[in-house]
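# Notes for the structure review
The lines below spell out each chain.
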Amino acid sequence: MITPFELVSALLPALLIGFLGSGHCLVMCGGIVSALQMMMPGQSNSAKLKLQLALSAGRISSYVIFGAFAGWLGMQGMQLLGTGKPVLQLLSGLMLLLMALYVSRLWTGLTALEALGKKLWRYVQPLSARLLPLDSAVKAFGYGLCWGYLPCGLVYSALAWSLASGSASMGAWWMLGFGLGTLPALLLAGQAAAKVQQLKNHIWVRFAVAILLGAYGLQTIYLALRRLVF
């Protein structure tokens, strides 16, 4: 059973990482969003918004599924190797420190993980193409599910955190928070998106969140080491 504290502890950093890391999402997926919007023929603005929401729901659903699987895999590995939860907790803290460095733009090595998913995307991309044009919510949701496979270092690093979450449910909650954090950047358009992007790019905002994530990561590492030592 997940406690409210554990749930908030998982969702808050995930939301922050998703929101501030979505600048990378705009580079990777912004063109896709614009192109897909043009592939919604004869739709009013409100209808296109519904399709965009269905698209994002599919994408986030794929993140949740991946997160649940990663969390379950981490739990199985923990049982197989005979290691306790503090080991996974230690990995989680280290991953949060790397994400803090990514958010602050002091280190962007996490994007190198994108090469890992390119081979898988080659198989998924033809399947997603069959769903075009996006003239129904069902097709938009299905395309979103495929979109979740798009190679993205930020997503992979979030999944690595899910791997260390210790359970399928915590991994799923983490990736749900991460996916929701990316929504504003991908749904907003025009001036609103520019203002959100300007806010996220402000150095003090990025460093404030990076410090928060780093502090949370250090606390997680400290608790893990204390359990391992004592």
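The notes below deal with the structure included here. (Residues numbered from 1 in each chain as written. Predicted model: local features only at pLDDT ≥ 70, side-chain atom pairs only at ≥ 80, totals over all residues. Heavy atoms only, no water.)

## Notes on helix 4 (residues 118-129)
With 12 residues, helix 4 should cover 16 Å at 1.5 Å per step; its first-to-last C-alpha distance of 16 Å lies within 8% of that length. Along helix 4, the residues classified as buried are Trp121, Val124 and Ser128. The arc that holds every buried residue of helix 4, seen down its axis, measures 75°, which confines them to one face. Residues of helix 4 that are exposed and point over 90 degrees away from its buried face: Lys119, Arg122 and Tyr123. Close packing links the buried residues of helix 4 with helix 5 (137-147). (Helix = DSSP H or I, 4+ residues; strand = E, 2+ residues; numbered from the N terminus. Expected span 1.5 Å × (residues − 1). Buried < 20%, exposed > 50% of the residue type's maximum accessible area, 1.4 Å probe, protein only. Arc of directions from axis to C-beta. Contact = heavy atoms within 4.5 Å.)

## Looking at helix 3 (residues 85-104)
The end-to-end C-alpha distance of helix 3, which contains 20 residues, comes to 29 Å, matching closely the 28 Å that a straight helix rising 1.5 Å per residue would cover. Of all the residues in helix 3, the buried ones are Pro86, Leu88, Gln89, Ser92, Gly93, Met95, Leu96, Met99, Ala100, Tyr102, Val103 and Ser104. Of the residues flanking the end of helix 3, it is Arg105, one or two places downstream, whose phi is positive at about 65°.

## Side note on the pattern of salt bridges
Counting across every chain of the model gives one salt bridge. For the salt bridge of Lys139 with Asp135, the shortest nitrogen-to-oxygen distance reads 3.1 Å. Judged by relative accessible area, which is 40%, Asp135 ranks as partly exposed. (Salt bridge = Lys/Arg side-chain N within 4 Å of Asp/Glu carboxyl O.)

## Here we look at the packing of helix 2 (residues 45-81) against helix 6 (residues 153-163)
Helices that pack against each other are described as a pair by the angle of their axes relative to one another and the distance between those axes. Close contact between helix 2 and helix 6 brings their axes to 7 Å; oriented N to C, the two are set at 40°. Judged on the interaxial angle alone, helix 6 and helix 2 are oblique. Crossing of helix 2 over helix 6 shows right-handed handedness. Of helix 6, the residues touching helix 2 (which contributes Tyr63, Phe66, Gly67, Ala70, Gly71, Leu73 and Gly74) are Val155, Leu159, Ser162 and Leu163. The residue makeup of the contact of helix 2 with helix 6, split by class, is seven nonpolar, four polar and no charged. (Axes fitted to C-alpha atoms, helices over the stretch in contact; angles between N-to-C directions. Parallel < 35°, antiparallel > 145°, perpendicular 65-115°, else oblique. Left-handed = near helix turned anticlockwise from the far one by under 90°. Nonpolar A, V, L, I, M, F, W, Y, C, P; charged D, E, K, R; others polar.)

## Digging into the nonpolar core
In this structure, Ile17, Met99, Val155, Trp174, Met175 and Phe178 are the most contacted members of the largest nonpolar core, which totals 25 residues. In contact with Met175, other than residues within four places in its own chain, are Tyr63, Val64, Gly67, Val155, Ala158, Leu159 and Ser162. Counting residues in hydrophobic clusters, the runner-up holds nine residues, among them Leu55, Tyr143, Leu150 and Leu186. (Core = buried A, V, L, I, M, F, W, Y, C linked by side-chain atoms within 4.5 Å.)

## Some words on the packing of helix 6 against helix 7 (residues 168-187)
Running from N to C, helix 6 and helix 7 cross one another at 150°; their axes reach a closest spacing of 9 Å. By the criterion of interaxial angle, the relationship of helix 6 to helix 7 is roughly antiparallel. For the crossing formed where helix 6 meets helix 7, the hand is right-handed. Residue-level inspection shows Leu154, Val155, Ala158, Leu159, Trp161 and Ser162 of helix 6 in contact with helix 7, the latter providing Gly171, Trp174, Met175 and Phe178. Among the residues making up the contact of helix 6 with helix 7, the classes are represented as eight nonpolar, two polar and no charged.

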